[in-house]
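The residues making up each chain are set out below.
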Amino acid sequence: MIACSVNQVKKMYGGSSVFDNISFEIMEKDRVGLVGRNGSGKTTLLRLLAGEEVPDSGQISWKKNCKIGYLAQIPDFNNSFTTNDVLKTAFSDLQQIEDKMRKLEEDMGRETNEGKLQKFMNEYGSLQEYFIFNGGYETEASIKKIVKGLNIDDLLDKQFSILSGGEKTKVGLALILLKNPGFLLLDEPTNHLDLMAVEWLGSFLKDYNGTVIVISHDRYFLDEVATRVMDLEDGEISCYHTNYSGFVKEKEERLLREFHAYEEQQKKIKKMKEAIKRLREWANRANPPNEGLHKRARNMERALERLEKLNRPALNRKKMNLEMVSSNRSGKDVIMLQGVSKKFGEKLLFRNVNMHLIYQQRAAIVGENGTGKSTLIKLILQQLHPDEGEVRVGSNVKIGYLSQHIFSDTEDETVIEAFRNEVIVTEGEARQILAKFLFYGHMVFRKVAQLSGGERMRLRLAQLMYQDMNVLILDEPTNHLDIESREVLEDALDDYNGTILAVSHDRFFLNKLFEKVYWIESKEVHCFEGNYTWAKEKMS
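Predicted model only: the values in this text are computed from it and were never measured.

Quick word on the overall build of the protein chain
Part 1 of the argument: The secondary structure content of the protein chain amounts to 17 helices and 18 strands.
Part 2 of the argument: What you see for the protein chain is a C-alpha radius of gyration of 30 Å, clearly larger than the 24 Å of a compact globule of 540 residues, by over 25%.
Part 3 of the argument: By its C-alpha atoms, the protein chain is 120 × 80 × 45 Å across when sized along the principal axes.
Part 4 of the argument: Out of the 540 residues in the protein chain, the part that is buried amounts to 47%.
Part 5 of the argument: Looking at the protein chain alone, contacts between residues at least 24 apart form 68% of all its contacts between residues at least 6 apart.
Part 6 of the argument: Carbon and sulfur atoms provide 46% of the accessible area of the protein chain, an area that totals close to 28,000 Å².
Part 7 of the argument: Considering the protein chain, the positive charge centre built from 76 side chains and the negative charge centre built from 81 side chains are found 7 Å apart.

Here it is in structure tokens:
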């Protein structure tokens with residue numbers, strides 16, 4: 001059965017078309033992965049589906065009584081509400097039923113009139129039946145399951161209003177999942193989740209009883225969840241009945257077929273034009289001019305005009321031009337931690353940590369949120385000092401650091417100013433370099449504050465590429481990057497001849513690039529000589 005139908009929908013912003021006359025259908029229990037470059041209109045489409053915005057033309061139809069769940073922005077709650085109170089609002093209708101049942105229990109306990117008592121009992125029976133059928137006795141278990149899966153146990157008793165933006169987003173996601181809507185719309189749900197929570201969410205959505213549309217740049221996650229992929233590109237949408245890996249293969253095959261058809265048509269057009277030219281020449285050479293040949297040329301010309309011209313498929317789109325070259329090599333020993341412990345107040349993060357990174361090694365740090373991954377990086381960067389043990393950085397080590405919170409102190413600067421603060425070049429040279437990172441023309445004069453997360457990441461990568469360094473320390477480098485940009489980054493890092501240490505929750509990225517994993521769990525750091533999948537098997 002059709003859950004949602006989109007017919008000839010058009011949407012414009014400021015005179016620019018986001019998409020023009022797109023149509024598709026989503027069936028009940030579909031798991032749709034919505035993919036496309038940053039800026040292609042994925043979030044706009046989700047907002048239209050959620051009813052947050054209206055199309056300029058066209059129609060969106062829903063199955064009758066369809067309940068939609070969409071995390072557009074964090075809702076406001078009473079300042080006294082804890083996270084647990086917020087999550088309980090998912091069951092507010094059941095709470096009201098339970099309150100009525102408690103009131104009826106009191107009334108039945110006091111009532112002596114048999115007729116009234118029977119009336120109360122009948123009402124109580126109906127309410128209880130509804131309460132049981134809708135999972136009234138399982139609300140605590142449901143909350144516990146979602147809280148554990150998304151790893152937000154430590155937020156339950158905290159006041160919701162004082163949580164960070166990322167924490168509120170995770171609670172908002174938990175709330176949507178608890179409401180169990182028939183149609184679930186998720187925009188980058190994995191962005192603030194750690195690896196274990198991403199894996200849990202993938203399993204949860206795979207077994208979800210409703211219909212799901214998810215925007216994600218996490219390729220493993222899309223493979224786990226999606227049974228269909230919708231590709232939004234150049235204002236048009238294409239549907240593929242497969243997971244992400246299948247989509248990549250099918251799209252490549254389709255583009256090659258389209259390119260072959262385009263080339264064949266171009267050959268046909270060229271031959272027709274040559275034939276028209278020859279017929280005219282022959283007609284004009286005849287004495288008198290041959291009207292029959294002229295007529296044949298005109299007929300062929302009309303046939304050429306009627307021919308539906310195929311557009312040339314874009315096989316090579318503009319991508320970041322990222323080539324990272326390390327400066328003079330460092331010594332053999334790059335980063336060494338011996339017996340390192342760190343705590344904040346009474347909270348111990350980790351103890352007796354030993355790490356040893358040698359020249360050209362690639363190591364990743366993984367673990368749940370709050371286990372101390374970023375703290376470990378700050379110790380290596382000597383922004384923090386250990387309570388016990390020693391942190392040493394080797395000889396001739398020049399570190400380039402990419403933080404999660406980039407440019408938070410330079411938001412009033414323009415893109416070109418922020419770039420030239422780190423890289424000493426002329427304005428002309430800076431503009432040439434920034435164009436390689438897709439900052440064209442007037443875009444270099446935009447304020448850093450106006451940049452999206454992905455654009456900030458591209459700007460920081462541009463700085464890193466043109467700095468003198470031989471060790472890269474990357475904290476969630478793929479966050480906010482679309483899949484195409486992630487692939488460019490992976491290729492550049494793969495060719496990089498220095499040392500790399502990264503924190504990431506992108507399993508594809510981890511498996512592709514890293515041969516050593518430091519896994520933080522239960523206040524200890526375990527070391528594995530292998531990729532993420534190998535380390536996970538050893539940890540389980």
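So, the packing of aromatic side chains
Part 1 of the argument: Applying the stated criterion across every chain, the model contains twelve aromatic pairs.
Part 2 of the argument: On the numbers, 4.5 Å between centres and 85° between planes, the contact of W62 with F183 is edge-to-face. With a gap of 121 residues between them, W62 in strand β4 (residues 57-62) and F183 in strand β6 (residues 183-187) connect regions that are remote in the sequence.
Part 3 of the argument: By relative accessible area, which is 26% here, W62 ends up partly exposed.
Part 4 of the argument: The ring of F344 carries the charged tip of K342 above its face, separated from the ring centre by 5.3 Å.
Part 5 of the argument: The lysine or arginine in question, R458, covers the ring of F439, its NZ or CZ lying 5.0 Å from the ring centre.

Some points on the domain arrangement of the protein chain
Part 1 of the argument: Split into domains, the protein chain comes out as domain 1 (247-306) and domain 2 (333-539).
Part 2 of the argument: Averaged C-alpha coordinates put domain 1 and domain 2 at centres separated by 56 Å.

Section: the nonpolar core
Part 1 of the argument: Counting 50 residues, the largest nonpolar core has L87, I146, L150, L177, L184, L201 and L205 as its most contacted members.
Part 2 of the argument: Ranked by the residues each element gives to this core, the list is headed by helix α6 (residues 165-179), at seven residues.
Part 3 of the argument: Residues contacting L201, with those up to four places away along its chain left out, are L173, L177, P189, L193 and F221.
Part 4 of the argument: The next biggest cluster of nonpolar side chains, apart from the first, holds 45 residues, and it includes L451, Y496, A502 and W519.

Considerations on unusual backbone geometry
Part 1 of the argument: Although it is not a glycine, K29 sits at a positive phi angle of roughly 70°.
Part 2 of the argument: Take K29: it is sitting in the loop between β2 (16-27) and β3 (31-35).
Part 3 of the argument: Classification of K29 as exposed rests on a relative accessible area of 52%.
Part 4 of the argument: Even without a glycine there, the phi angle at N352 is positive, about 50°.
Part 5 of the argument: In this structure, N352 sits in strand β11 (residues 347-358).
Part 6 of the argument: Residue classification places N352 among the exposed positions, given a relative accessible area of 53%.

Quick look at helix α4 (residues 114-133)
Part 1 of the argument: The end-to-end C-alpha separation of α4 is 28 Å, in line with the 28 Å expected for 20 residues at 1.5 Å each.
Part 2 of the argument: Within α4 the residues assigned to the buried category are F120, Y124, L127 and F131. The buried residues of α4 occupy an angular sector of 70° when the element is viewed end-on, so they sit on one face. Along α4, exposed side chains directed more than 90 degrees from the buried face belong to E114, K119, S126, E129 and F133.
Part 3 of the argument: Considering only its buried residues, α4 is in contact with α3 (92-110).
Part 4 of the argument: Capping the start of α4 is the job of one residue whose side-chain oxygen sits 2.9 Å from the backbone nitrogen of G115: N113.
Part 5 of the argument: One or two steps after α4, the chain reaches G135, where phi turns positive at roughly 75°.

Observations regarding the sheet that holds strand β9 (residues 236-240)
Part 1 of the argument: What the six strands build is an open sheet, ordered β5-β6-β7-β3-β8-β9; its pairing is mixed. Edge positions in the sheet fall to β5 (68-70) and β9, since each of these pairs with one other strand and no more. Across the sheet, the mean angle separating the axes of adjacent strands is 15° when strand polarity is ignored.

Quick word on the sheet that holds strand β14 (residues 399-402)
Part 1 of the argument: Strand order in the open sheet made by the six strands is β14-β15-β16-β12-β17-β18, with mixed pairing throughout. Strands at the two margins of the open sheet, each flanked by one partner only, are β14 and β18 (524-528). Along the sheet, successive strands turn relative to each other by an average axial angle of 15°, direction set aside.
Part 2 of the argument: Note that strand β15 (residues 471-475) and strand β16 (residues 499-503) share five bridges and pair parallel. Counterpart to V471 in the pairing with β16 is T499.
Part 3 of the argument: Helix α15 (residues 483-495) rests against β12 (362-367), β15 and β16 of the sheet, and its axis sits at about 135° to β12.

Conventions adopted
Residues numbered from 1 in each chain as written. Predicted model: local features only at pLDDT ≥ 70, side-chain atom pairs only at ≥ 80, totals over all residues. Heavy atoms only, no water. Helix = DSSP H or I, 4+ residues; strand = E, 2+ residues; numbered from the N terminus. Rg over C-alpha atoms; globule rule 2.2 N^0.38 Å. Buried < 20%, exposed > 50% of the residue type's maximum accessible area, 1.4 Å probe, protein only. Contact = heavy atoms within 4.5 Å. Areas by Shrake-Rupley, 256 points an atom, 1.4 Å probe, with all protein chains shown as cover. Lys, Arg positive; Asp, Glu negative; His and termini not counted. Charge placed at Lys NZ, Arg CZ, Asp CG, Glu CD. Phe/Tyr/Trp six-rings, centres within 6.5 Å; stacked < 30°, edge-to-face > 60°. Lys NZ or Arg CZ within 6 Å of the ring centre and 35° of its normal. Domains from an automatic or database assignment. Core = buried A, V, L, I, M, F, W, Y, C linked by side-chain atoms within 4.5 Å. Expected span 1.5 Å × (residues − 1). Arc of directions from axis to C-beta. Polar contact = N/O pair within 3.5 Å; in protein donor to acceptor, adjacent residues only side chain to side chain. Pairing = 2+ DSSP bridges. Axes fitted to C-alpha atoms, helices over the stretch in contact; angles between N-to-C directions.

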